[in-house]
Amino acid sequence: MTATDHAIDAADAAELLGYACQPTTVAGKHGRYHELTRRYRDDVGFADLVRAVASGLGLRVLGHGTWGVAVIPESSSPLALRTSDLCDTTDTATRLCTGLAHAGVAATCYPTPQSLADTRVITVTAEQVVDRVTEACAKLDRDHDDHQPAVSDGLRQAWREWLALPHSALSNGERLKRRASRLWFARDALRSLSGRGLLTGDGPWRTTDRYRLMVIDAADDARLRLLSSAADHCDEEDAECDS
Amino acid sequence: MTAHDDDRQRRALRRRALARLEPLSEIQPALRAGFSSREGWDQYDALALALEAINEVVERMGLGAHDGADPDEVATHLAATAEQMRPGNPHDAREAAEWVLSWLCNARDGGRSRPVYYTDQAHGWQRRRVDVTLLREDRSPVDGRVVLRASTEAVNTVVVALDLDVADAQVAAEAILESQLRSGRLDRAAPSARQAQLASRQYAARVQEVLELTRRDVAVAGWGGDADDLLAEARDHLDQRRRVEASLHDTAQAVLDHLGDDQTVAREQAGEVLEAIRDCQQRHHELLSAIMPARQEFLDAQLRQQFADAGAVVDLSPTGDVLVPACAASADDSVAGTRPLVDRLTGQPLPRCYSVVGALDRLLAAPRPDPPTREHPTPSVDELTSVPAATLFTSAQQEATDAALRGVTAPASLSELLDRCDAPADLLAFAALARLDGSDPRLRVSPTGQRLLHPLLDGDDLELAPSDNEDSPSP
């Protein structure tokens, strides 16, 4: 292989990562992306090269499918999302509630480790996310005092802010008032994920395989586990009550 | 390869060439079918109009990868030709002209190539598909306008050299022209010169296609294979053309010089030949200039394909060209007008990537604690006037302030005092202010009308002086 061949391969690898960084672009609808994804699948050497280039950019390849290649950034990557990309205000309560809503979407779509193995499309509504997060927050608030080290200060303050919010609050125009209710935060998180190509639709929303891979990657996250287990416990309590 | 194989290859090549012309063979029936209800439309020869359109586009095409013919100009020319076929109906002629252009561009299918199927004799009568484009609409990268360009297949139709080597065709045309010029047969030399001109255009189109393909996608161009060979051959071929054309030019010029003023027709013919030769020379010169750096261009293209086009450099005055007009315009207009510039200046935003953990890290981060409070924060004026100094300052600071005031034995401004003593400036200033009402029998305090000279305090300066009682000796 000549130096020119190497250069062409590197250009191809970078081009593939360029597509992967635009998750709303789907390989099946884009000839070149499709061709590069197939090459990533079939050519081990090329796949190694793609992962190496990704690593240099602070990215990690999570997997691939007919939709393309999924990457996530390390926290130090210049391509990592900043807080301002996720939340358009510096208000702490808004930021924390947005974070809980994002965690809530993941926990609602994939409530158990077993559910992560299910590759079917999951349908999710904003109301389901609100219910899941609210149940978990109520349980966490009941069970955890201020000094339990297992809970981060951010999460603790987040669930208190969440519980202080009404379920929904309408503006004069009968629309949801911005940043004023649990339902608004849940809808905002779902729309944000949809805008990034991780969910589809505009209520109800549907999961993509790319999003499933991302939640699998985050499955060990303590905050997500705490949120899921608290909600699971509520489910069990409810089940016992029903019986 | 046996002679039989070679023959089979040739036949397959011809069939393939004819397949590429299929849109032309279908154009007349399509016009008849589409306009059967329109009276007099059978007088339009769609095939002749198509050939005229291709010829017109080829003539107007330059050497740049995206140079092309103005569609409106081509349609106007074509409408004039159609008008000659059926005089007195200019609107119909224009409509027919535009229909022919849209057929050649395959506008019905969004301008995409037409798939045409044929059987390949050279490979066991295998059914093959060839995507045919005759004319296509390109966007000029310079000004964004739409231009028409002819494909190599289209150029082939003009010279009708379906399986002829284009380079050979050009050499042959030149040889014929040379012979005609030398024998003085100018009436025949003029059409031969035009033939040589077309051959040179056809050749240019073929080389350009390779160059453009290289620019567009270096991987497809297959450097080291056909593209490399073609360009190497082209360099040699064009070098030879330049020599031959120089000789032809000299010959034609000599013929013209020897013609008498009364030989008007012959002079016109010789002039036409010279013009055609000069056109060939110019085209070949430009083509050679394009080919010479082709290898470097290939390497550059590799780099370029990885990055977006750099924005055009414009000579722009942000104040005169943007700010002043924006201020004078309505809010909506000024936003619309300045946004493209702002987008250009700020560049493309980075495509940021989502991750669940990253989002939770950022969004659920613990709120920052309030900044630590100072041991002795600078008191506000309200605090100074309402809270005893002992709660805000240490006893040492209060003693230093008292000592500074006691040390005033001659008139001095507060600015000077602040400058030379160690007491806290705000406490000293307050202590001086508190004595304005004459409450201290030892010190006389009065405003100077000047401004206080201190980096942290602001207000009128004060004059501090020992009271007269103190100055006068006690009885």
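Heads up: these notes are all about the structure in this document.

Thresholds applied
- Residues numbered from 1 in each chain as written.
- Chains lettered and ligands numbered in written order.
- Predicted model: local features only at pLDDT ≥ 70, side-chain atom pairs only at ≥ 80, totals over all residues.
- Heavy atoms only, no water.
- Axes fitted to C-alpha atoms, helices over the stretch in contact; angles between N-to-C directions.
- Helix = DSSP H or I, 4+ residues; strand = E, 2+ residues; numbered from the N terminus.
- Parallel < 35°, antiparallel > 145°, perpendicular 65-115°, else oblique.
- Left-handed = near helix turned anticlockwise from the far one by under 90°.
- Contact = heavy atoms within 4.5 Å.
- Nonpolar A, V, L, I, M, F, W, Y, C, P; charged D, E, K, R; others polar.
- Pairing = 2+ DSSP bridges.
- Buried < 20%, exposed > 50% of the residue type's maximum accessible area, 1.4 Å probe, protein only.
- Salt bridge = Lys/Arg side-chain N within 4 Å of Asp/Glu carboxyl O.
- Lys, Arg positive; Asp, Glu negative; His and termini not counted.
- Polar contact = N/O pair within 3.5 Å; in protein donor to acceptor, adjacent residues only side chain to side chain.
- Core = buried A, V, L, I, M, F, W, Y, C linked by side-chain atoms within 4.5 Å.

## Here we look at the packing of helix H3 (residues 27–34) of chain B against helix H4 (residues 46–60) of chain B
Residues and elements named next belong to chain B.
Now for step 1: Here H3 crosses H4 at 120°, and the two axes come no closer than 8 Å. With respect to H4, the element H3 is oriented oblique. Viewed along their axes, H3 and H4 form a crossing whose handedness is right-handed. Every residue of H4 that contacts H3 at Ile-27, Gln-28 and Leu-31 is listed here: Ala-46, Leu-47 and Ala-50.
Now for step 2: Along the lines of polarity and charge, the residues of the contact of H3 with H4 split into five nonpolar, one polar and no charged.

## Regarding the sheet that holds strand E3 (residues 123–124) of chain A
All names here are of chain A.
Now for step 1: Ordered in space as E3-E5-E4, the three strands form an open sheet in which the pairing is antiparallel. The two strands at the open ends of the sheet, each matched to only one other strand, are E3 and strand E4 (199–200).
Now for step 2: Two elements, E4 and strand E5 (residues 205–207), share two bridges in a ladder whose sense is antiparallel. Each residue of the ladder has a partner; that of Leu-199, found in E5, is Thr-207.

## What about the pairing of strand E2 (residues 68–73) of chain A?
Residues and elements named next belong to chain A.
Now for step 1: Counting buried residues along E2, six of its six residues qualify, which places the element largely inside the surrounding structure.
Now for step 2: Of the strand pairs in this sheet, strand E1 (residues 59–65) and E2 are connected by six bridges, and their pairing is antiparallel. Following the sheet pairing, Gly-65 is matched in E2 by Gly-68.
Now for step 3: Adjacent in sequence and paired antiparallel, E1 and E2 are bridged by two residues.

## What about the pattern of salt bridges?
All names here are of chain A.
Now for step 1: As enumerated under the stated definition, the model contains 27 salt bridges over all chains in all.
Now for step 2: The shortest N-O distance in the salt bridge between Asp-209 and Arg-212 comes to 2.8 Å. A residue pair is termed a helical-turn pair when its members lie 3 or 4 positions apart in one helix, as Asp-209 and Arg-212 do in helix H9 (residues 209–217) at three residues.
Now for step 3: Look at Asp-209 and you get partly exposed, because its relative accessible area is 27%.
Now for step 4: The class of Arg-212 is buried, set by a relative accessible area of 11%.

## Describing the side chain of Arg-196 of chain A
Residues and elements named next belong to chain A.
Now for step 1: Residue placement: Arg-196 occurs in the loop between helix H8 (182–195) and E4.
Now for step 2: Among buried Asp, Glu, Lys and Arg side chains, Arg-196 stands out as unpaired, with Asp-85 the closest opposite charge at 6.0 Å.
Now for step 3: Engagement of the side chain of Arg-196 in a polar contact is seen with the backbone oxygen of Asp-85, the distance being 3.0 Å.

## Notes on the nonpolar core
Now for step 1: In terms of nonpolar packing, the biggest core is built from 52 residues, with Leu-100, Val-105, Trp-162, Leu-190 and Tyr-211 of chain A together with Tyr-354 and Val-356 of chain B touching the most fellow members.
Now for step 2: Once you skip the residues sitting within four places of it in the chain, Tyr-211 of chain A turns out to touch His-102, Val-105, Ala-106, Cys-109, Tyr-110, Leu-193, Leu-198 and Leu-199 of chain A together with Val-356 of chain B.
Now for step 3: Of all hydrophobic cores here, the second largest spans 42 residues; its members include Ala-97, Trp-103, Leu-135 and Ala-205 of chain B.

These figures come from the coordinates and say nothing about function on their own.
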